[in-house]
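Overview (structure and organization)
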Amino acid sequence: AGAALLGCLVVLAQTRAILPALAISGLVLLAAVPGRVRRAWVLAVVLGAVLAALDPLLAVYESGQLAPEGDVLRRAVLWALVVSASCGVVWGGIVAASSRLTSDGTEWRRWQRVAVAGLVVIGAMAAGGLIAAVGDPVEKTRSEWRAFKELGITSVDRSRFVSGAGARYDYWRIAVNQFQSKPLVGIGAGNYDVTYFRERRTAENIKQPHSLELQTLAELGLIGFVALALFIAGVLSGAVRRAREARQSREARAIVVAAGGIFLVWLVHTSVDWLHVIPGLTGLALCAAAVLVGPWRRDTARTP
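A separate point is the side chain of Thr202. Mapped onto the elements, Thr202 comes out in the loop between helix 9 (192–199) and helix 10 (212–245). Separated by 3.2 Å, the side chain of Thr202 and the backbone nitrogen of Glu204 make a polar contact. Setting aside residues no more than four positions away along its own chain, Thr202 makes contact with Leu151, Ala167, Asp170 and Tyr196.

With that settled, the discussion passes to the side chain of Thr270. With respect to the element layout, Thr270 can be found in helix 11 (residues 250–271). Engagement of the side chain of Thr270 in a polar contact is seen with the backbone nitrogen of Leu275, the distance being 3.3 Å. With sequence-adjacent residues up to four places away left out, Thr270 is seen in contact with Ser211, Leu212, Leu275 and His276.

Attention now goes to the pattern of salt bridges. Applying the stated criterion across every chain yields a total of five salt bridges. Of the charged contacts in the structure, one is a salt bridge between Asp71 and Arg74, with a shortest N-O distance of 2.3 Å. Here Asp71 and its partner Arg74 are both found in helix 5 (residues 70–101), three residues apart, which amounts to about one turn of the helix. For the pair formed by Asp71 and Arg74, the shared burial category is exposed. Between Arg241 and Glu245 there is a salt bridge, and its shortest N-O distance comes to 3.8 Å. Separated by four residues within a single helix, Arg241 and Glu245 lie in helix 10, roughly one turn from each other. Overall, Arg241 belongs to the partly exposed group, its relative accessible area being 35%.

The next thing to look at is helix 11. Think of an α-helix as 3.6 residues a turn; residues three or four steps apart then line up on the same face. Between its terminal C-alpha atoms helix 11 stretches 31 Å, which fits the 32 Å expected from 22 residues at 1.5 Å a residue. Of the residues that open helix 11, the one with a side-chain oxygen 3.2 Å from the backbone nitrogen of Ala252 is Ser249.

In a soluble, globular protein the nonpolar side chains are often hidden away together inside. Cys8, Val11, Leu57 and Cys87 are the most contacted members of the largest nonpolar core, which has 21 residues in total. A total of five residues in this core trace back to one element, the largest contributor, which is helix 5. Beyond its immediate sequence surroundings of up to four residues, Cys87 is in contact with Ala4, Val45, Val46 and Ala49.

Turning to unusual backbone geometry, a few remarks are in order. Residue Gln14 is not a glycine yet carries a positive backbone phi of 60 degrees. Of note, Gln14 is situated in the loop between helix 1 (2–13) and helix 2 (18–32). With a phi angle near 60 degrees, His210 is a residue other than glycine that sits in the positive phi range. Examined against the element boundaries, His210 turns out to sit in the loop between helix 9 and helix 10.

Moving on to the packing of helix 8 (residues 168–181) against helix 10. Two numbers describe how helix 8 lies on helix 10: the axes approach to 8 Å, and their chain directions differ by 15 degrees. Here helix 8 is positioned roughly parallel relative to helix 10, judged by the angle of their axes. For the pair helix 8 and helix 10, the sense of crossing is left-handed. Between helix 8 and helix 10, the contacting residues are Trp172, Ala175, Val176, Gln178 and Phe179 on the first element and Leu214, Leu217, Ala218 and Leu222 on the second. Per-class residue counts for the contact of helix 8 with helix 10 are eight nonpolar, one polar and no charged.

Okay, the packing of aromatic side chains next. One pass over the structure, following the stated rule, counts five aromatic pairs. With a centroid separation of 6.1 Å and 70 degrees between ring planes, the pair formed by Tyr171 and Tyr196 is classed as edge-to-face. Here Tyr171, found in helix 8, pairs with Tyr196, found in helix 9; they are 25 residues apart in sequence, far enough to count as distant. Side by side, Tyr171 and Tyr196 carry an identical accessibility label, which is buried. Between the aromatic rings of Phe231 and Phe263, the centroid separation amounts to 6.1 Å while the plane-to-plane angle is 75 degrees, which identifies the pairing as edge-to-face. Here Phe231 is found in helix 10, whereas its partner Phe263 is found in helix 11, with 32 residues between them in sequence. An aromatic cluster is defined as three or more aromatic residues linked by ring pairs; in this entry it consists of Tyr171, Tyr192, Tyr196 and Phe197.

On the surface, Leu5, Leu6, Leu9, Leu73, Val77 and Leu81 cluster together to form a nonpolar patch covering roughly 510 Å² of accessible area. Every element with two or more residues in the nonpolar patch is listed here: helix 1 and helix 5. By relative accessible area, Leu6 is classed as exposed at 56%.

Thresholds, definitions, all that
Residues numbered from 1 in each chain as written. Predicted model: local features only at pLDDT ≥ 70, side-chain atom pairs only at ≥ 80, totals over all residues. Heavy atoms only, no water. Helix = DSSP H or I, 4+ residues; strand = E, 2+ residues; numbered from the N terminus. Polar contact = N/O pair within 3.5 Å; in protein donor to acceptor, adjacent residues only side chain to side chain. Contact = heavy atoms within 4.5 Å. Salt bridge = Lys/Arg side-chain N within 4 Å of Asp/Glu carboxyl O. Buried < 20%, exposed > 50% of the residue type's maximum accessible area, 1.4 Å probe, protein only. Expected span 1.5 Å × (residues − 1). Core = buried A, V, L, I, M, F, W, Y, C linked by side-chain atoms within 4.5 Å. Axes fitted to C-alpha atoms, helices over the stretch in contact; angles between N-to-C directions. Parallel < 35°, antiparallel > 145°, perpendicular 65-115°, else oblique. Left-handed = near helix turned anticlockwise from the far one by under 90°. Nonpolar A, V, L, I, M, F, W, Y, C, P; charged D, E, K, R; others polar. Phe/Tyr/Trp six-rings, centres within 6.5 Å; stacked < 30°, edge-to-face > 60°. Patch = residues over 30% accessible without salt bridge, like charges linked within 9 Å, V, L, I, M, F, W, Y side chains within 5 Å. Areas by Shrake-Rupley, 256 points an atom, 1.4 Å probe, with all protein chains shown as cover.

See the structure below:
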């Protein structure tokens with residue numbers, strides 16, 4: 001229920017970078033950590049709950065980004081609460097049913113195969129619905145790529161999730177130019193905005209290029225980027241080690257999924273956005289990183 005409510009809040013925020021962040025982290029955790037079928041069904045149930053409230057949630061952004069209409073906002077909140085509570089009830093029923101089937105290994109394996117087939121069908125239906133909503137995917141991609149590169153083009157979509165319009169291309173262009181001017185040491189930490197306000201082609205007042213990697217390259221050069229890469233590689237290597245240890249206990253598995261999910265979502269999201277300058281969110285990501293690389297005490301009495 002909590003996960004479904006957070007998913008509804010993600011839709012309300014309309015931050016486009018969350019889509020690749022959730023997709024990549026979800027696929028990695030499904031592939032790398034044991035308990036894939038159960039985790040896949042968790043994601044499917046949560047996704048179904050969010051989709052059930054999608055229309056009233058999207059209506060909030062459509063009615064006004066800064067001052068949405070009161071009735072529209074109340075309707076979205078009500079839907080979010082109802083579908084979240086329903087999600088908890090549904091998942092409780094699934095857990096209760098599965099616990100009764102575990103006593104019969106043959107029956108449980110058969111239901112696992114049915115579960116996997118059901119997830120494939122759900123994925124195919126979701127992909128078909130997305131294509132139907134978007135229309136011609138090739139033309140849509142070309143149109144949004146033009147909107148991404150050419151400033152001043154606005155999207156007619158009711159959601160930012162399917163729009164490429166914005167000024168991010170201009171932010172990144174300036175960051176690349178800064179890196180090319182001083183590739184080894186960069187222009188200095190915190191100096192992105194000095195060049196930006198001279199070269200910008202928009203009226204956007206920002207102080208970072210909306211990308212952790214590009215900001216590091218622009219301000220700290222290759223030296224800083226190598227340090228960032230070593231940090232990321234260290235955390236990811238710790239996540240791989242924890243995923244192997246997670247085969248021994250469900251508690252370790254839960255910690256790996258939680259800490260790995262937090263860090264991966266933050267990393268992918270801030271690679272195309274500016275989460276790294278928000279202390280609270282980056283603090284959570286660093287705590288998750290500490291969990292992944294820190295020593296764990298093994299329970300030697302537990303059998304794998």
